[in-house]
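# Summary of structural features
Spelled out, the chains give:
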Amino acid sequence: MTTVALKTAPDATNYPFDVDRIRADFPILARPVHGKPLAFLDSGASAQKPQAVLDAIQRAYSETYANVHRGAYYLSQAATDGYEGARKRVADYINAASADEIIFTRNVTSAINLVASSYGAKFLQAGDEIILSQMEHHANIVPWQMLRDRIGIEIKVAPIDDRGNFLLDEYEKLLSPKTKLVAITQVSNVLGTIVPLDDVIRLAHAQGAHVLVDGAQGIVHSRVDVQALDADFYGFTGHKLYGPSGIGALYGKMELLKQMPPYEGGGDMIELVTFEKTTYREPPARFEAGTPPIVQAIGLHAAIDYVDAVGIENVAAHEATLLEYATDRLSEYSDITIIGQADNKAGIISFVMDGAHAHDIGTIVDAEGVAIRTGHHCAQPLMDRFDLAATARASFGMYNTRADVDALLAALDKVRDIFG
Ligand SMILES: *Cc1c(COP(=O)(O)O)cnc(C)c1O
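Residues numbered from 1 in each chain as written. Predicted model: local features only at pLDDT ≥ 70, side-chain atom pairs only at ≥ 80, totals over all residues. Heavy atoms only, no water.

Turning our eyes to something else, we now look at the pairing of strand S15 (residues 391-395). For S15, a buried count of 5 out of 5 residues is recorded, marking the element as mostly surrounded by other parts of the structure. A two-sided burial pattern is seen for S15, the buried positions comprising Thr 391, Arg 393 and Ser 395 on one face and Ala 392 and Ala 394 on the other. Inspection of the sheet shows strand S12 (residues 348-353) paired to S15 by 4 bridges, in the antiparallel sense. Bridged to Phe 351 within S15 is Ala 392. (Buried < 20%, exposed > 50% of the residue type's maximum accessible area, 1.4 Å probe, protein only. Helix = DSSP H or I, 4+ residues; strand = E, 2+ residues; numbered from the N terminus. Pairing = 2+ DSSP bridges.)

Segmentation of the protein chain into domains returns domain 1 (55-308) and domain 2 (311-419). With centres defined by C-alpha atoms, the gap from domain 1 to domain 2 works out at 29 Å. Opposite the 31 residues of domain 1 that make contact, domain 2 presents 33 residues. For the domain 1 and domain 2 pair, buried surface summed over both sides reaches about 2600 Å², with 56% attributable to carbon and sulfur atoms. Across the contact surface, domain 1 and domain 2 share 2 salt bridges. (Domains from an automatic or database assignment. Contact = heavy atoms within 4.5 Å. Buried area = accessible area lost by both parts, 1.4 Å probe. Salt bridge = Lys/Arg side-chain N within 4 Å of Asp/Glu carboxyl O.)

With that settled, the discussion passes to the sheet that holds S12. Ordered in space as S11-S12-S15-S14, the 4 strands form an open sheet in which the pairing is antiparallel. Each having just a single partner strand, strand S11 (336-339) and strand S14 (373-375) make up the two edges of the open sheet. Neighbour to neighbour, the strand axes of the sheet diverge by 30° on average, direction disregarded. As paired elements, S11 and S12 share 4 bridges and run antiparallel to each other. Its bridge partner being in S12, Ile 339 is matched across the sheet by Ser 350. Across the sheet, helix H11 (residues 312-331) is in contact with S11 and S12; its angle to S12 comes to roughly 10°. In the packing of helix H14 (residues 402-419) onto the sheet, the strands contacted are S11, S12 and S15, and the crossing angle to S12 comes to about 15°. (Axes fitted to C-alpha atoms, helices over the stretch in contact; angles between N-to-C directions.)

Time to look at helix H4 (residues 108-123). In this model, H4 (16 residues) spans 21 Å end to end at C-alpha, consistent with the 22 Å of a helix rising 1.5 Å per residue. By the burial criterion, the buried members of H4 are Val 108, Ser 110, Ala 111, Ile 112, Leu 114, Val 115, Ala 116, Ser 118, Tyr 119 and Gly 120. Buried residues along H4 sit against strand S2 (102-105), helix H5 (142-151), strand S5 (179-185), strand S6 (210-214), strand S7 (233-237) and strand S8 (248-252). Two or three places before Thr 109, at the opening of H4, Asn 107 has a side-chain oxygen 3.1 Å from that residue's backbone nitrogen. (Expected span 1.5 Å × (residues − 1). Polar contact = N/O pair within 3.5 Å; in protein donor to acceptor, adjacent residues only side chain to side chain.)

What follows deals with the site of the ligand. Lining the immediate surroundings of the ligand are 13 residues, of which Thr 109, Asp 214, Gln 217, Thr 237 and Lys 240 lie closest. Here a nitrogen atom of the ligand sits 2.6 Å away from a polar atom, N or O, in the side chain of Asp 214. Within the contact set of the ligand, an oxygen atom lies 2.6 Å away from a side-chain nitrogen or oxygen of Thr 237. For the ligand, whose free accessible area comes to 390 Å², the fraction covered by protein is 88%. Here the residues of the shell around the ligand are counted per class, giving 3 nonpolar, 8 polar and 2 charged. (Near = heavy atom within 4 Å. Areas by Shrake-Rupley, 256 points an atom, 1.4 Å probe, with all protein chains shown as cover. Nonpolar A, V, L, I, M, F, W, Y, C, P; charged D, E, K, R; others polar.)

An order of S2-S8-S7-S6-S5-S3-S4 is seen for the 7 strands of this open sheet, with the pairing classed as mixed. Looking along the sheet, the strands with just one partner apiece sit at the ends: S2 and strand S4 (154-158). Sheet twist, expressed as the mean angle between neighbouring strand axes with direction ignored, is 20°. The pairing of S6 with S7 spans 3 bridges and is parallel. Within the sheet, the bridge partner assigned to Leu 212 lies in S7 and is Phe 233.

A surface patch of nonpolar side chains, about 360 Å² in accessible area, is lined by Tyr 73, Tyr 74 and Leu 75. For Tyr 74, the position within the fold is in helix H3 (residues 74-93). Judged by its relative accessible area of 66%, Tyr 74 falls in the exposed class. (Patch = residues over 30% accessible without salt bridge, like charges linked within 9 Å, V, L, I, M, F, W, Y side chains within 5 Å.)

This is how it looks when you write it as structure tokens:
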């Protein structure tokens, strides 16, 4: 196994980037699959969990578990401290101005649905325009279409070029005084394209439009500072950030959250309820109806601590070396076409192979212990853009190595043996 020694980035702590040591923190990586060593190359769909996260979950259930925000008793207070501590940790990690600007959700999908539903009800009306990009995940398309069908907004789509570069000029042409919201991904989950968010947000604000960033792939490959970005909303999903499933977060500027109506009704989000009328609490409580994902939040806290100890800049630098290596190696084969060669890319590489369907590639390499994603990656409009039904996609996490890429290459030889 390779050990990659990286220079410590100025922001990072002094955790030496020793990939073997990191791998040892992820128990699942040691298990064989189909009798072969596991090469897990699907962190873009969901990342594996370090022991520190598993321990935090175990501790939360075995030592400090009860429902939050209600009990006067010790355990309820301890669980509340854990849950609210996680909110504070998320706020600090993405540099929100206040923990009250962080709403815990199920995942980024529910974060976007919350904005579409609640922000949509307050700020959007028939004839208003919103802009998405051609690279959006279905999670950042379908909620807007549902809103369009309900209230009659118009959806414009900012294009990309054949290499997957976001076309800032074309985007700028779509902006007008009718534009109320730009909802856009930070990094394409299929192409790996990094969107020039600073420019996207600046141009949107110049037209008076708000911006929602889908940070599902962005936060796992880069340092996020929502205030520096000046994003109005930023959503991400915990399970791709080495945390548990069932937890995500929505950041929103307080001045907007305060004006937005509740998304779901229920316990914990109310001030006073009578059968005639209910009044709602201030954000974030207003948007967290019912018992929240208590232990998932505590697990996310541990995941952020872990990522921060490693240093996300170190992770990004490590993944960049893997991306370059994988791109070089895959480019050696004339039967492979890499889909997405944008100038600015994160650790995601999609490809197609002559004569082999993506699903067959996925199945054959799986037999070799190699886990990659195949299909439309919840981005069918993007597949249409490239005239493809599906691609194979390898996506990197902090624990991946060149050996994982080599395993993929060797497994692709098996695909050639069968289809070639
Ligand atoms: C994975 C992903 C989503 C959806 O994440 P969920 O956890 O399923 O809500 C949305 N957008 C992008 C860019 C993604 O990669």
